[in-house]
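Structural overview for review
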Amino acid sequence: KVYEDVADLPRLHYDFVIIGGGTAGTVVANRLTENPDVSVLVLEAGVSNDGVLLSEVPFLLNSLLGASVYSWNYTTTPQSGLNGRSIAFPRAYMLGGCSAHNGMVYTRGAADDFDRYANLTGDDGWSWDGIFPYFLKHEGWTAPADNHDTLGEFNPAIHGTDGPISVSLNGFPWPVFEETVIQTTKELPDEFPFNLDMNSGQPLGVSWLQSSIGGGKRSTSVTGYLAPESIWRPNLHVLLHAQVSKLVNITHNRGKPSFGGVEFKFGSSLFVAHASKEIILSAGAIGTPHILLNSGIGAHNTLSALGIPKVVDLPSVGQNAHDHPFFALGWAVNSTQTLESITQNATRAAEGLAQWEASHTGPFVDSGIATHIAWLRLRSDSPAFEVHADPSPGPGAPHLEFLLIPGGGIAGGISTPGVGNFITIGISLSSPVSRGSITINSSDAFAPPLIDPGFLTSMFDLLALRDGVALAQRFVSAPVWDGYLGAMTPDLTGLNDAELLAHIRDNVGQSFHIVGTAAMSARGAPDGVVDPNLQVKGVAGLSVIDAAVVPIVPAAHTQAITYAFAERGADLVKRRWA
Ligand SMILES: Cc1cc2nc3c(=O)[nH]c(=O)nc-3n(C[C@H](O)[C@H](O)[C@H](O)COP(=O)(O)OP(=O)(O)OC[C@H]3O[C@@H](n4cnc5c(N)ncnc54)[C@H](O)[C@@H]3O)c2cc1C
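Residues numbered from 1 in each chain as written. Predicted model: local features only at pLDDT ≥ 70, side-chain atom pairs only at ≥ 80, totals over all residues.

Per an unreviewed UniProt entry, the protein chain carries the name GMC oxidoreductase and comes from Mycena venus. Listed under Cofactor (unreviewed entry) in UniProt, the entry text for the protein chain is "FAD". Annotation of the protein chain in UniProt includes, under Sequence similarities (unreviewed entry), the sentence "Belongs to the GMC oxidoreductase family." (UniProt positions renumbered as here; feature names shortened; annotations may be inferred.)

Looking along the chain, the bond that leaves T489 and enters P490 is cis, with omega of -5°. Mapped onto the elements of the fold, P490 is located in the loop between β25 (485–488) and α15 (497–507). Despite not being glycine, N73 shows a phi value in the positive range, around 55°. For N73, the position within the fold is in the loop between α3 (61–66) and β4 (74–75). For N73, a count of 13 C-beta atoms within 10 Å puts it in the partly exposed group. Located in the positive-phi region is L534, a residue other than glycine, with phi close to 70°. Turning to its location among the elements, L534 is positioned in the loop between α15 and β26 (542–544). (Helix = DSSP H or I, 4+ residues; strand = E, 2+ residues; numbered from the N terminus. Buried ≥ 20, exposed ≤ 12 C-beta atoms within 10 Å, placed from the backbone.)

Sheet strands associate in pairs through backbone hydrogen bonding, adopting either a parallel or an antiparallel arrangement. Spatial strand order, β6-β7-β9: three strands in an open sheet with mixed pairing. Across the chains shown, the open sheet's two edge strands, defined by having one partner strand only, are β6 (139–141) and β9 (210–211). Taken together, the three bridges between β6 and strand β7 (residues 165–169) define a ladder with parallel strand orientation. Following the sheet pairing, W141 is matched in β7 by V167. (Pairing = 2+ DSSP bridges.)

A few words on the site of the ligand. As a structural note, the neighbourhood of the ligand is formed by 41 residues, with G20, G22, G97, G103 and G287 the closest of them. Per-class residue counts for the shell around the ligand are 18 nonpolar, 20 polar and three charged. (Near = placed C-beta within 6 Å. Nonpolar A, V, L, I, M, F, W, Y, C, P; charged D, E, K, R; others polar.)

Our focus in this paragraph is the UniProt feature "active site" (unreviewed entry) in the protein chain. As annotated by UniProt and renumbered to match this structure, "active site" (unreviewed entry) occupies H513 and H557. Across 45 residues of sequence, these annotated residues stay compact in space, with a maximum C-alpha separation of 6.3 Å. Tracing the sequence through the fold places H513 in the loop between α15 and β26. Among all residues touching H513, those that are not within four sequence positions of it are D323, H324, V553, H557 and T558. Counting through the fold element by element, H557 comes out in the loop between β26 and α16 (559–576). Note on H557: 27 C-beta atoms within 10 Å, which makes it buried. Sequence-distant contacts of H557, defined by excluding residues within four places in its chain, comprise V105, T107 and H513. (Contact = placed C-beta atoms within 7 Å.)

Turning our eyes to something else, we now look at the packing of helix α5 (residues 128–138) against α16. At a closest axis distance of 8 Å, the pairing of α5 and α16 adopts a crossing angle of 105°. Taken together, the axes of α5 and α16 lie roughly perpendicular to each other. Contact with α5, carried on its side by I131, Y134, F135, K137 and H138, involves A560, Y563, A564, E567 and R568 of α16 and no other residues of that element. Partitioning the contact of α5 with α16 into residue classes produces six nonpolar, one polar and three charged. (Axes fitted to C-alpha atoms, helices over the stretch in contact; angles between N-to-C directions. Parallel < 35°, antiparallel > 145°, perpendicular 65-115°, else oblique.)

Here it is, written out as structure tokens:
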């Protein structure tokens, strides 16, 4: 049951306390409470997602991201790689976490990404073959909202059909743009080959977009994992508006410190929830290291300077923060068939929403983020490789991602060229070298952490994005774009190299895929925060199960890996307590 008031919560003692009811936390809560003898409390700082239309309707994504009530409203530290800019850093503040608040793009990454995790951790369970069953387990493939013929748009053999998270192809067509993209794969097949399904572990090429949407509605970790059949289990309690500050009640268990309690604030009062078996941190790549640091788990020097009592010296906590830097190119087009036909036409927008409300069909069933995604490698003679060795995990993994968007002014306000009709190629660096950190500068556990994703601090990242700009221009140079494509907006064609690099630094944003801040590493490795079983090193009875454990960001948007890792993480916890 979901509780909105701590006074209604039946008790404060449970077998497991899960911190964060987000993408991963709800998966773990569901799986652990499949055993009726196990009791679980989920503490979620944010608000309810129940009936939040902005979250349910895929096309309202921009408004959702603009609504401060559903966000932690973070801002990064000044980014030296972005010419000193600080950028807004949205993170969901609601049940379901980022799954209720994200762009819904569903991509798994390259098999090479996962095989590298297996090598790094010495645990084959994190390899592509080890994780693949967990992709199938969480996924429930669903027909698109318009029930169009999907033959040739995906490979059914690699998708799950019975899992709780709906995944589908777009359910509203943009035929002129879609045909132009597909024709490009025929005219430039060596550089931009068609790939039937980018989620096979071999993503290279151009594929149709897949999203966590079912029946025209956003599918979230709440609609999937806290559906009525699980949320009414008597052994599962979820408390909203409960912000965790730190772990408390230290004892010792076989020579290791162990925390028996979780301190949280409800209203203006502090409470402690007790876990007799394990505390599971699922507060995400920002919240998890923040709570660890507040609890005395981190670099001793930093903690001492702030007067936080030291519990375990784990210098990797909060380090290794990284995301995919994102940059967009836009062009005017000679067609009225773009997203602007809705976003710049109040009558059509109102009709679209009314159609969605009546039948869950029409343009509002999709996010508008893309029709296709291209995953591409840099040329082997790229100047980027002169400043850094190839950071990609193998030849089957991309360096760059293109979101192919039938409009401008898309999610997050990435490109807002003004009145007219536009298309956008969103360029994201899939294999960033830059690293930053999540740190604290206060002993007040409720003070926000310092978020430094370290964007473009490596020259490799800047040069690779510059190659991305050239590749995007190459993409739209295929003959099929003649007569359709208008002027580039803003026009970068006249910039010299130094001006282009400066323009990239001035305009790069995030992809919202931060990971790595409580990274897993091999047992006995000097770095890392959790071992391959996701237990915090040097602490008893404490695990991390969320995107923070991913040691290197995959060439993918990060919700699919988070679901899959959470499913495996839940299995590991269950096995420990079987
Ligand atoms: C704006 C945005 C767009 C995105 N778009 C996509 C996309 O299109 N496709 C994709 O694959 N991925 C996308 N992502 C990334 C993806 O959604 C995340 O990587 C993934 O959902 C992270 O899951 P998580 O469980 O680690 O964290 P979250 O889902 O963020 O869950 C953490 C939860 O913990 C709660 N919490 C944090 N601190 C505390 C505390 N102290 N006390 C109590 N509760 C706390 C939070 O409120 C939150 O509910 C996007 C992310 C964002 C922010």
